[in-house]
Each structure stands twice: as C-alpha cells, then as structure tokens.
Amino acid sequence: MALFILCALLLNAPPIQAATKGVTASLNAKWPATPLLLETSEFIAEDSDEKFWQFVDTVRELTIYRKADSGSSYYSLLLKKAAQFVTDLQINLLKFALALRVYSPAVQMFQQIAADEPPPEGCSAFVAIHGKHTCSANEVKKLLKKAASRPKPYLYKSDHTFPGINGGDPPVVILYAELGTNSFNNFHKVLSEKAENGEIVYVLRHFVASSSSGKMHLSGYGVELAIKSTEYRAVDDTQVKDTNTTVLEDGEDGDEVQGFLFENLKKVHPDMKEELGELRKHLIESTNDMAPLKVWELQDLSFQAAARITSAPKYDAMKLMRDISQNFPTKARSLTKTVVNQEMRKEIEENQKHLTESLGINPGDSALFINGLQIDLDTQNAFSVLDIIRGEGKTMEGLHDLGIKNNDLSKLLRLAVHPPEDSFALDIRHPAVMWVNDIETDHLYQSWPSSCQELLRQTFPGVIRQIRRNFFSLVLFIHPAQEETVELVKLAELFYQHKIPLRIGFVFVVNTDEKCDGNKDAGVALFRALNYIAEEYDFAQAFSSMVSIYNKVKSGDVLTVDRVVGFLKKKYPRADALRIIGLDSQYDDKRKAGGIFYRKSGLGALPQALFNGVPFSSEEMDPEELETVLLQRIVEATGFLQRSVFMGQLTDETDVVEYLMDQPNVVPRINALILSLRRRYLDLTAKPAIQDWYDTSTFSFLDSRDKTAVIAANMKYLTKNDEDIIYAGSIWIIADFDMPSGRRLLSNALKHMKSSSNTRIGVVSNPAAKPTEENTMIARAIMAAILTQKKKEAFHFVMKLIKEESVQALAQGTKMKDLVIQGMDNDGFEKKHNTLGVDFIRTQQLFCQDVVKLQPGQMAVVINGRILGPFDENEEFHAEDFHLLEKITFSSSTEKIKVKVKQMGMKAKQASDLVMKVDALLTSAPKGETRRDVRFIKDELSVVQLPPREDEVYYDVVAVVDPLTREAQKVAPLLIVLGQVINMKLRVFMNCKPKLSERPLKSFYRYVLEPDVTFLANNTLSPGPVAKFLEMPESPLLTLNMITPESWLVEAVQSSHDLDNIHLQEIDSIVKAEYELEYLLLEGHCFDVTTGQPPRGLQFTLGVKMAPLIQDTIVMANLGYFQLKANPGAWSLRLRKGRSEDIYQIFAHDGTDSPADSDNVIVVLNSFHSKIINVKVQKRADKINEDLLSDGTEDKGLWESITSFTGGSPSDDAKKEKADILNIFSVASGHLYERFLRIMMLSVLRHTKTPVKFWFLKNYLSPMFKESIPHMAKAYDFQYELVQYKWPRWLHQQTEKQRIIWGHKILFLDVLFPLAVDKIIFVDADQIVRADLKELRDLDLKGAPYGYTPFCDSRKEMDGYRFWKSGYWASHLANRKYHISALYVVDLKKFRKIAAGDRLRGQYQALSQDPNSLSNLDQDLPNNMIHQVAIKSLPQEWLWCETWCDDHSKKTAKTIDLCNNPKTKEPKLKAAMRIVPEWVEYDNEIKHLLKQLEEQKNIQVNRHAKSKGNKGVQRDEL
C-alpha cells in the first residue's frame, strides 16, 4: 500500500528533469580484438598440451559456423567444444577469462612474432622452415630438403609443439595460422602426420591474417571520480564543442535507494516499471545531498554502514555494500540516520581483538582470503585472482574426484607440502675434510671481533666483514693429479693470503687400493706428503707446501711424483721422502675417507667445490668465474646470516657450523635429479576407464590421465613383509627388467626397501624392443610372483631372480621353477608365468611412451606420482639415492598427508593408494603462500554469510573489510562477480573503524568486471564493459582517475571534455572518456655480481629483430630497479651500445624466456600480469676500474624518436643535442593548465634564439593537447618529447592525482631523461618567461646538482602565511632559505653522479609513511634534503610571484609565476589576465592557431565522410 501512496505522491510532484547526466569511461587494448576461439585454445593449453592439441583437432574448421550463426550461437558452440576437455567449473572460469580477455595478450604475442618474420604478402597462413617461408602446404616437402643446412629457429617456452615421436634431430616447422580456418586445416593435416612419424618438430603459432577492425574493451580495472577542492578555481572557461550524443540506460536497479531495492520491486510489480523508475529518480535527486557532515555525525558512519548492510537480505548485502562504498558521497547523509545495534558493535569489537591477535588485522584494515590464501588487495587484481581460483579449483576438483570432501578436503588443502626453495647443501661435517684454517681459533684472525652482532654493523657496499666466526666455508673435492686442480689450489691460496674470512677445506679423492705405491701415483704421493707435514707441523704448513708444489706445475700440466719427491727432499732434507710416500708409509691415515665421502655425496665429476655445502655448477667451476661467484655467494650468505642474527636465531653462543648444517636444505647426499625443484608429476586423480591393462587396443585410445588411472588401478606392489599397513611411499620402477641395467635399478630399490618400513615398490616394464615372451621372461616372472605369492615370499624371490647369476642360469637352461624359494606357491606361480602373456607389458610400454615420455628401454623412477628420469645410459640410481629420495619426499609432504589419510579410517591398501595420489596432486600444484585459518569469535550480527551449493566443490572465501574504504569499493563488486563464477562459502566481516573524524571516502568508484562475455540485442558480441557514473550530483567538481593493474600504462585517447575538471552543472549530456592501454610494463632489478650493488646509470634497450632499438631505460640505485615499456610480443633485452656495452656484459638472468646463461636475453610479454626479471651484469676484465657515470660519450639511441613527432631523424636530433639546445621540462593536467602550458611555451620561445626542446610528462595530458602539440611544434619550430615513468610498486604510493604529478616532478629526474641531456630546466605550466632561459641553463651552480629560487620575503602583508619562517622548517633550514618548486634547473650529470635521485626517493619513502608530512611534495622534499643534496639558490629575479614578492621587484622579474594566493584565493585565470599584460596576447595567438587546426580537421573529416562507401562489415573477434 505504501508503494502506491509513494507513487501517487510522486506523480503529483513537480516534474523532474529527465536528461541523463553522468560520466562513462572505457579502456581499449592498443592491439586489435583477438578471436575468442584462439583465446579459448590458450586457456586449454594452460591445462595441458595434450588437451590443447585434442581441442585443435576438434575445432579445425569451426570458423565456418562464425558466418552462418549469430554471435551468441557461435559462442555457445565454442563453449560446447571446450566442455569436452574441461570441467563445468573450468567452463565458468573460461567464461570469466574470456570476459576479462585474459589470453588476448598471449594471442597477440604470437601475432607480433609473426610480424617479425615477416609474413609473406597475401597469405592467410604460412610456415617458416629454418628461415624459409611458404604459403602452400604442397611446398613443405621441398623446403624440408635442405633445412638441416640452415640454422634452427628460436623456440619460446609458450610455443605449442605437437606431441610427435621423440628422438633424433628433425627440422623445425613453424606454422603461423588461425585455428578453425581452412588454411590452417590444410597445413595441419600435412604437418601433424609428419610430426607423428618423427620427420619434423611441428610448432603452431597463432596468426590472424585479417585482424578485427573493432576496438576491444578491457576490464579488471577501477575508475574513480574524485571530488576536487574548489578553494582555488582551476577550470578553463574555453567552450568545448560537445560531440557526444551517447544515450545510456539507467543505473543498476540493484542499488538500494533510501531502503528501496528497485530490482526486487520491479519483479513484484512488473506493470509499474515506469512509475518505479520515476520514483527511483525522485529519491536519488532528493538524496544527493553533498552538504558537509558535523564531526559527531561522522564518528559512527562505518558502524552505521555495517548495520545497513548486515540487516539487508543476505543475497542483497554485497550489492548494498557496493552501492554504499562506491557512491558514498551521496549516501553519507542517509547513513547518519541508521541506528547501530549495540550487540553488533560489541560483536565487532570482540572479533577485531581476535583478528589483531591472530592475524595482525587491525580495526579498519581490509583482507581477503580464498581457501586461506591471503589476497593482497593493494597488488592483486582480477587477473591474479582468476589464476588463484583456477589453480585452487584444479586441486580441489582433484581431491573431490578422489572421494575427499568437506572438512577432509579443507585439511589436506591447507597442508604445507612443498620442499624448501633454497639450494640444497651437502653436510660438510665429515672427517674426510682436511681444513686449512679455522677462523674462530687460528692466531691469524685473533684481532678480529667475534660477536655475531658485527654482521648488523653498516659497511660500504661490497665490503666483506672480517668477523672471527666460521660463517663461510669452502670445501674443494680434488684429485691431486688433475689439470684443473692446479688453478683451484692457487685460488684457495689467494683467499687465504688475503685473509678473506673463509674457512677452506680439501677432500682428497685418491686411489683407495691398499697396495697403491705413492712412488707411482702422484695423488697418493701428495696425500702422504701432506699428512707427514701436517703431523710434524700443522695443516696450515701442509697447505703452504701444497701451494709451493703446485706453483711449480705449469699451466696445462699435471702434478707428478717427481715434483712431490723433489719438494720433500729440498724442503725437508732430513725426511725419507721415498719412505713417506712408499708402500709402507706411516702417513696413510684417512686416505680412503675422501673417496668414500665423495662417492656417498653423489657429487659429479671432479673437481667439485661447495660453499657452505652448496655445490657450484660446472659453469661456475671455471677458475676465471669461480672467484667472482664465490665473492657473490659470500655477499648473498651475509644477508641470510644477518636475518638470523636479527631474529635471534644465531647468537654468540651458537656453533655457527652446526647452525648452518642443521638448516632444512642440508642433505646427506647430492643428487641433482632428486633435489631439483623442476619436477614432473603423473595425474592420478582419474578413475580407470577400463578395468584391466590387458586390453592394449582400447588403452591406446585413452588420454594421458586415463592411461595413468588404468596403470595405477592395476598396480601390484612388492613389500618386505605381509603386514597390512598404510605405506607413505609408493615407488614405481620403470625399466626393461630383462636388461642388466633395469635389474640393477630394481635391485637398488629393493635394497633400500630392506631398511625402510614405509615404502612399497611396483614395477612397470618398458622393454627396449617389441615385447615377446622370449624378451620379457624376467618381467613376466616378477609380475607372476607379485600376483600369486605372499608379500614376503614375492620380495625374496624377486631379489633372487634379478641377480645376475640367476639370469645366467636361466640362459644356460635352468627352468624358472627351479629358482623358486621356500614357502612359495610353486604351482600358482608357474601357471601364472606360463599364461600371463605380454599384453600387459605392451600396455605398460605404451604408458611409458605416451605419458612418461620415455623411449623403449629407457629407465625412470616414480615416487608418489613424481617422475625422475629418463636416466642417462650410464647413470646409476643407487640405494643411497633411494634413501635420499624417500627422505626428501617424506619430510616435505608424505608424512603429513599420511596422518590426515589415516584419520579417514579406510583400509590400508585404499589408504596407501590415496596417500600416493594426494601427494602427487598437492605437490604438483605451484607453491603458494602460507594458508591462514580465519575464524571469528561470533558471526551472528557482524558477518554476512552466504552458504555454498551442496554436493559441489566450493571455495572458502573470507573478506574482512571496513565498508567505507577504498578496499570495499573494489572487494564488493569482485565478490559479486565471483559469486556468479564459482561456488563459494562466503563470509564478510564488517571490520569497522571507530570514531571517524573525517569523511572516509571522497570519491565515487566503479570496478569494471563482468562474469561472462556479453552480447548486444542483435546477438552480436558486445565491445565490452564500461564504467558508468549515472545520476551523479551536479554541484561538485570531479576529476577522473583510472586505477589499473600495476603493469598497465594507460592514456586518455578521446574525450572532448576536461577530465581533470568535470562539472556536470555545465554539461548537457554524458561525459565520455576513452582510454587506451598504451603499454605493458616490463620491470626488472639489476645487480653487479662482483659488488652485489646496482650498476647506477647502466642502460638497457628493448627491441625486436626488425627494430633492435625501440625502448631504453636507466638502472636506478634503489633496488637496481629499471622499467621498460612494451606490448605483447617477444623482445630482446640488450645493454645499450656505448659505455654500457663497453664496460659491462650480461652475466646471468632469470624470469626471461632464454636460458639463464644465454647472452641473448629474450623476454616474452604474453599476459596482463606484471613481468619482473632479474639481470646480473659483470664488468669486462679490462674495464674493472671504469665508472659508468664518468665523462664519456654515450650514443643517444632512440630517446628522441620514441614519442617525438618533430620529423628529424635520430641522428639529426643527436647532432642538435650535441650542439646547443635548451631542454625545458613541464607538467600539466586539465584543460586550464594545458592552456597555461601553451602560453608558457610561447613565452620561452619569444625570449630565446637557442633551439628549444620541451619535455612533457605524458601521463596526464589530455587527448586534445597531444593532438595539437605536433602542429604547434611545426608552427613555432621547436622539438618536443613526451616522457613517462610508471610509479614503481616498491615506492610508497600516492592516491591523489595532484600528489602523483608532484612526485614525478622530483622523484624520477635521473631516469626520465636520456644520459645525453646534461641540464634540464623545469618551468611550471602557469609561468610566463620574460628572459632567455639559456642564461639560467648556463648559470654556475657551484657544485650543487640543482638550483631553485627562494621564496620572496618582500610582500610584508603575507608574513602570516610564510609557514617556513617558524616551527619545524625554521629549525630544520637553520637560516637557509625555503625554495619554491615552480622553476628549477638540474645538472643531470651531477645529479646522477651523487645519486641524488636515489637519496630523494629514500627520504621520500621514509617521510611519506606519515600522511601529514610532505604536504607540498615536490617542494618540501628537496627543502627537507637540503643538508644531504645541496640547493643552489638562484637570484631572486628568476621567479617573481605577486603573492610573495612586492610590486617594485616585478620590473626586474625574468619569470612570473601565478602562485595561489591563500589570502584572496583569486582564480588563476583571472589573476593571469590582471598580473601579466602580455598573457592575453599570447592566449589569443594560441587560440587562433587552435581554431585553424580545428577548421582543417573538420575539412578532412567531411572529405573522409564523402569518400567513405559501403565497404561491408569486417570480421568480428569471435
């Protein structure tokens, strides 16, 4: 009834203005829309390569339906095809991924690679065969003939390689084509057949010959309309012609308005939709109250919002939170009327206390947890959340498929099952190590301090602290008579003589034969000689003697007995040299120990070196590299030790060596295959599609997952006794057991099992030839015994059977039945052996080939699904390796899983299988963060709870959020979308901040995110989502900000309105803003391996084959950080030609696409995620003492051509730069300041004859300015360049646009401009120049890196506003002047030389944590740092400002700045016309130029419209 009364009142109310006003913002990709079919293939490829190629075969000609069907029908068909290969949950995630266009960069990456080939003209598909191209499938055979003589192409990690026959070295054929087209199909038939036969390696890369003409809207970002202060009016009065006639639908009815949920009302009263719409508009108009709130009204706002949300129907609560947080400025007034339940307040406070104690989450903080994984709301975005839920979904579905549900599933999911990521170290506490020195006890080091706290003392970079503790140990395994030993001994002596705090030990691996004569074996001779010297003196003396002996050995020679004997006779003439080293030597103690330790260690070929137990790679063992690498290891280890001391884990009472050797990464044996963190796993989650493994024909048609399920279901195990227990380890031995190597592998496994009570062993035959009864006799006997005998008897029989004497006996005619042992069922065994056949062996061989990827006869070991192998032909896997394998597997995962499975109460065999399968599933998942258990003391009144759908896998999602925070603006819409994508148990706790003193939110916000692809009314694909701000209040001044993922660089490309100053009262329609994702950011960190420090000033370039130089950048000292801009593709990273390349070389890198030691650094950008790489560089041997930032010439690269449109070639620009050029830097945002900027530029040009180059910060310039600046440059003959630098993620972020702009003025001066620019002058946009700035550029700064003008003191009536005259600033400046940032000159060479930028960023990082500091960031920071980074005070006439300077001084002013006046608050535009007479003249001149440009543009548009015919509709992106 009330509804009808309200409607009636409304209808009698005065008419409401119907015109829709608002703001919309969209963000497009820079590249063309990519087909959804190709994006879907990339989604499936991420699951598995096998599924990718199966999907490819399924959709080979799918595009023929694209033209016949509507867009939505074709999309449904596409999802139906994909559903054959992924689960229902994965289909939902696929829809979400397609809506986000997650895989568009991956498709575009291949497109860019194809463009770099380049593609032959007129081809819809083509192949590249070792540098040759063809568009015809018929010519493939011809191009293959001489392919081997041409170099092979580079293959990327993300390439799709057809699963053909392994082995050999066939040519590589790369197909560039679009899936689903006829041209693709023609090539695919030919190439797949050749790949299956092993004739070629077939690689597929996406290539779309005719790209879509439509723009592709992106999503997964936020848009903010912030309310600006109008204290100083900064709006341009120039009338802008509004070309936008967009009509938009009303806002979402789901939003609550004054307690009404209109979405529900329209469902209940469908006949009153129009009246309800009018009512909604009326209520919105009446509630858009922006009047300031009193302080007492603010205090409880957060609790009041929580009360409103928790009292709503639970399925509407998230929509209500979204509405309140995103439209808070207009909702605040109505919230003050909400009554807070005191019981709810009490519950919130109890929960907050618990969260603070258990998780460190304070009142007002926000946090999001998915299955216990904390999602960092500052750095994570929709793309990373999708990755997390996809990974979690795969694991949860796997556990669900294994029959594990609910709490059991949750417990297993939360287990920490991954091994430590540190490099594994060998325990060096062994008597075989002969130590040269002991840092803690030797007299040589007695003057050094011994406290561990010394590690925390600051030192200069690269300096190794001399502390009397055995922090660093080097152990060298050597054979004395090897050539390589000579250099290693000399290196050890170098470290020892220079008193490097390094404990040095040797393990001598020499002949262990007791009857070995040292007179004939140089290794034994040296060992005995050293023992003699050590016994008579000490080992330090023995080491010195060894060095003397090796110093006599020439490079390339080896140690001889004569050298040892000669040394003993000369140095120790009384000793009987021949007796010391001879057969009856008394100095032979521990000679065998070194060899035994070496063999048990598992280390590779000699020599070997260990640093604190961690082995060096073969490349690092190069004596020329080892010194550098060793120093680098010391620097790296110092960081770990410092943390240990700081955390109190390492104290002065601790035995350092014991502490280091008790770390979890220390193992008794090194086996790279076992310890590698790059691991392969079997998927053991499927149920078997067929019951036994004798049906080889059917088995061959199964996919890998199903094949594995059949093998696992039929596997029978050997155990050492008949106990019915749960086994934690299930080992499969894969080999040809009729070959000696296969039998040795099985024998070693069984030897290990004798000492292990927790392992069972299964056997999988992989015969080297086609299986027959003759060549599988042993394999069949093993299987027959396992199938027919008790566990104990089977174990002992197999042990006997695989001995070589048993095999030889069988070969000589002994019958199998004669080998049986006591207690066996002889008849059962013999019958099974004779009737078993070889079908199961064929099946096992097929499994080895298709799933494990082994050649016939190759061996491998599988433990709990983890594959180790294939083994090299001569590679032995000893019993000690099985011990290590079990230790590593059990300690990291298996024991924990076994405990959980045991609690489920199932039978032993079933439980053992489950442990194996769960272990394979959990450890194969990528290592994530630690999972947190989020609990609430009470959850009745303060927690919104939404239950999951039953009998389905569900995610446990917990949000802790204050509903009136920026995080809530993002979390609420994210949770709404996730609720449409996944099945989740949702709990949202209202973490309200009490006693608010100011408005918590000062902006409107929209999060652009959709759960699925959308279609228009005509069933064609929608361009994508946009941010809509409709029914907005018209009075406030608003500024539009794009809040995008960290790695996105976006720019406004189209809008006729001033997006920095949106005033809806003055606009008649929708403000439409169109942005473009201009670049994806490539970030990195670079360090010098020798010093461990960043190489300041080092420059990198990024390019492709066709254009090697596209972007350049400079390395900062802060974290060695650098950033480069690029788009999806494969890029080559190089040191820039010039001093960078002359002085440095790239030493190593990670996070790249190329091998870590490759000189050719390839970086692939194929996703929207942040790409961060690490690069290590090293100075060239002849440039060790060179300084990169010292005087020297540096080629300019393409700095002048990145975004400059001046028409000159880079070489021309370089010449001008080297000549005489005036570099002027400025920033502007908003149409008014761009108007000022143009006038400032004109005033600069009018007062100088020196060529001028303007540098503008690109980030915030309007589309109109960027469109007009090339024309202005041409008209006034100046150069310009647009520069940009993304605020680094590690530097404290600013959220207000103005403060971000201020930050760019001061924080990145050392990296914004190329090294060739020696000096730059910053001039504020609102300044007018009256003198030649060349005079300022040439001013002597007296050694200071920059010069600023001090604030005027002459206008006395403003003394009360001079804040720097008292308080903090007066004491800090200590009689120095406070300088204004409107004009300054920077000596960039000096600035970089003294690391001024790094110092400024460091101080900023410290001060900016306090929101009350740096209120004028660009000005306060340099003044605060005046004692560390000197400022040259410029003569006062260089900057006159009416606010602070008296009228008399205006006559001599060289520049006039339009400073804000805190007393009069006069608008800038008005002040400009009044203060500067020439300003109006300049303004009119610029207006005339812009008018001419507009007229020319209109003429061109009209011509284009007339010439444009009906060219037909181009293909869409489906």
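Residues numbered from 1 in each chain as written. Predicted model: local features only at pLDDT ≥ 70, side-chain atom pairs only at ≥ 80, totals over all residues. Heavy atoms only, no water.

Participant: Looking at this structure, I do not really get the overall build of the protein chain. What am I missing?
Facilitator: A tally of helices and strands in the protein chain yields 51 helices and 48 strands. For the protein chain, the spread of C-alpha atoms along the principal axes amounts to about 110 × 90 × 75 Å. In the protein chain, which comprises 1518 residues, the share counted as buried stands at 56%. The contacts of the protein chain with a sequence gap of at least 6 include a subset with a gap of at least 24, amounting to 79%. For the protein chain, the exposed surface amounts to about 65800 Å²; the carbon and sulfur share of it is 49%. Of the side-chain charges in the protein chain, 188 are positive and 201 negative, and the distance between the mean point of each set is 1 Å. (Helix = DSSP H or I, 4+ residues; strand = E, 2+ residues; numbered from the N terminus. Buried < 20%, exposed > 50% of the residue type's maximum accessible area, 1.4 Å probe, protein only. Contact = heavy atoms within 4.5 Å. Areas by Shrake-Rupley, 256 points an atom, 1.4 Å probe, with all protein chains shown as cover. Lys, Arg positive; Asp, Glu negative; His and termini not counted. Charge placed at Lys NZ, Arg CZ, Asp CG, Glu CD.)

Participant: Would you mind showing me how to read the pattern of salt bridges here?
Facilitator: The full count for this structure, using the stated rule, is 71 salt bridges. With its nearest N and O atoms 2.8 Å apart, the salt bridge here joins R1401 to D1310. Within this pair, whereas R1401 is found in helix α48 (residues 1396-1407), its partner D1310 is found in helix α44 (residues 1309-1312), the two being separated by 91 residues in sequence. Look at D1310 and you get buried, because its relative accessible area is 6%. Linked by salt bridges that have partners in common, D427, R429, E658 and D662 make up one network. (Salt bridge = Lys/Arg side-chain N within 4 Å of Asp/Glu carboxyl O.)

Participant: Where do I start with the sheet that holds strand β21 (residues 729-735) in this structure?
Facilitator: The strands that make up a sheet are held in pairs by hydrogen bonds between backbone atoms, and each pair lies either parallel or antiparallel. As summarised here, the arrangement of the six strands in space is β19-β24-β23-β21-β22-β20, forming an open sheet in which the pairing is mixed. The strands lining the two open edges of the sheet, one partner per strand, are β19 (680-681) and β20 (717-718). Bridge analysis of β21 against strand β22 (residues 759-765) gives seven bridges, and the strand direction is parallel. Of the residues in β22, the one forming a bridge with S730 is R760. (Pairing = 2+ DSSP bridges.)

Participant: In this structure, what is going on with the state of the cysteines? I would like to understand it.
Facilitator: Here, the word disulfide means a covalent bond between the sulfur atoms of two cysteines. Across all of its chains, the model carries three disulfides by this definition. For C123, the disulfide goes to C135, at an S-S distance of 1.4 Å. Residues C123 and C135 are joined by a disulfide whose S-S torsion is about 60°; by sign, that bridge is right-handed. With C123 in the loop between α7 (104-115) and β2 (126-129) and C135 in the loop between β3 (132-134) and α8 (140-144), this pair connects stretches of sequence that are 12 residues apart. (Disulfide = S-S within 2.5 Å.)

Participant: Explanation requested: the side chain of R1401 in the structure shown.
Facilitator: For R1401, a relative accessible area of 1% translates into the label buried. Here the side chain of R1401 touches L1307 through a polar contact of 2.6 Å, landing on its backbone oxygen. Of the polar contacts made by the side chain of R1401, one reaches the side chain of D1398; its length is 2.7 Å. For R1401, the residues in contact, after removing those within four places along its chain, are M1116, N1118, W1290, L1291, L1307, F1308 and D1310. (Polar contact = N/O pair within 3.5 Å; in protein donor to acceptor, adjacent residues only side chain to side chain.)

Participant: Please clarify how a positive patch on the surface should be interpreted in this entry.
Facilitator: Judged by side-chain charge, K552, K554, R563, K570 and K571 come together as a positively charged surface patch. Looking at where K571 falls in the secondary structure, it is placed in helix α22 (residues 561-571). The exposure class assigned to K571 is partly exposed, which follows from its relative accessible area of 48%. (Patch = residues over 30% accessible without salt bridge, like charges linked within 9 Å, V, L, I, M, F, W, Y side chains within 5 Å.)

Participant: When you look at helix α5 (residues 71-82) in this model, what are you seeing that I'm missing?
Facilitator: Two residues of an α-helix separated by three or four positions point the same way, owing to the 3.6 residues in each turn. Along its 12 residues, α5 runs 17 Å from first to last C-alpha, staying within 8% of the 16 Å computed at 1.5 Å per residue. If you check which residues of α5 are buried, you get G71, S72, Y74, Y75, L77, L78, L79 and A82. (Expected span 1.5 Å × (residues − 1).)

Participant: Would you explain a nonpolar patch on the surface in this entry?
Facilitator: Taken together, the side chains of L456, F646 and M647 present a nonpolar region at the surface, about 360 Å² in accessible area. Structurally, M647 can be placed in the loop between α25 (623-646) and α26 (656-661). Its relative accessible area of 59% is what places M647 among the exposed residues.

Participant: I keep staring at the confidence of the model for the protein chain and nothing clicks. Help me out?
Facilitator: Fine structural detail should not be taken from predicted coordinates in areas where pLDDT scores are low. For the protein chain, per-residue confidence averages 88 on the pLDDT scale, and 92% of positions sit at 70 or higher. Segment residues 8-18 is flagged for pLDDT under 50; beyond a separation of four residues in sequence, or across chains, it makes 10 contacts in the model. Taken together, the stretch residues 1509-1516 has pLDDT below 50 and engages in 12 contacts with residues farther than four places along the chain or on a different chain. (pLDDT = per-residue confidence, 0-100.)

Participant: What is the right way to look at the packing of helix α36 (residues 879-902) against helix α37 (residues 908-924) in this model?
Facilitator: Relative orientation of the contacting elements α36 and α37 amounts to 130°, with a least axis distance of 9 Å. Overall, the two elements α36 and α37 adopt an arrangement that is oblique. In the packing of α36 onto α37, the handedness of the crossing is right-handed. Residues T889, S893, T894, I897, K898 and V901 of α36 pack against A911, L914, V915, V918, D919, L922 and T923 of α37. Split into classes, the residues belonging to the contact of α36 with α37 amount to seven nonpolar, four polar and two charged. (Axes fitted to C-alpha atoms, helices over the stretch in contact; angles between N-to-C directions. Parallel < 35°, antiparallel > 145°, perpendicular 65-115°, else oblique. Left-handed = near helix turned anticlockwise from the far one by under 90°. Nonpolar A, V, L, I, M, F, W, Y, C, P; charged D, E, K, R; others polar.)

Participant: How should I be thinking about the packing of aromatic side chains in this particular structure?
Facilitator: For any pair of aromatic rings, the description rests on two quantities: the centre-to-centre distance and the angle between the ring planes. Applying the stated rule across the entire model yields 61 aromatic pairs. For the pair F43 and Y103, a centre-to-centre distance of 6.0 Å together with 90° between the ring planes defines the contact as edge-to-face. Linking F43 in helix α2 (residues 36-47) with Y103 in the loop between α6 (88-100) and α7, this pair joins segments that are 60 residues apart in sequence. In this structure, F43 and Y103 share a single accessibility class: buried. Taken together, F1225, W1255, F1313, F1322, Y1346, Y1348, Y1384 and F1391 form an aromatic cluster joined through their ring pairs. (Phe/Tyr/Trp six-rings, centres within 6.5 Å; stacked < 30°, edge-to-face > 60°.)

Participant: Teacher, can you tell me more about the nonpolar core here?
Facilitator: In a soluble, globular protein the nonpolar side chains are often hidden away together inside. Ranked by internal contacts, the top residues of the largest apolar core, which has 175 residues, are Y202, Y955, V988, L1040, W1048 and I1062. A total of nine residues in this core trace back to one element, the largest contributor, which is helix α38 (residues 966-981). In this structure, W1048 is in contact with L27, L218, S219, Y221, F383, L1077, Y1079, L1080, F1168 and K1286, ignoring residues within four places of it in sequence. If you look at the next biggest cluster of nonpolar residues, it comprises 167 residues, including L568, L641, F840 and L868. (Core = buried A, V, L, I, M, F, W, Y, C linked by side-chain atoms within 4.5 Å.)

Participant: Even after reading the chapter, I still don't get the sheet that holds strand β28 (residues 1003-1008), so can you show me in this structure?
Facilitator: Ordered in space as β28-β7-β30, the three strands form an open sheet in which the pairing is antiparallel. Unpaired on one side and paired on the other, β28 and β30 (1038-1043) mark the two borders of the sheet. Across this sheet, the average inter-strand angle for adjacent strands is 15°, counted without regard to direction. Where strand β7 (residues 221-227) lies against β28, six bridges are found, and the strand directions are antiparallel. Residue pairing across strands places Y221 opposite V1008, the latter belonging to β28. Each of β7, β28 and β30 is contacted by α38, which is oriented at about 30° to β28, the strand it contacts most.

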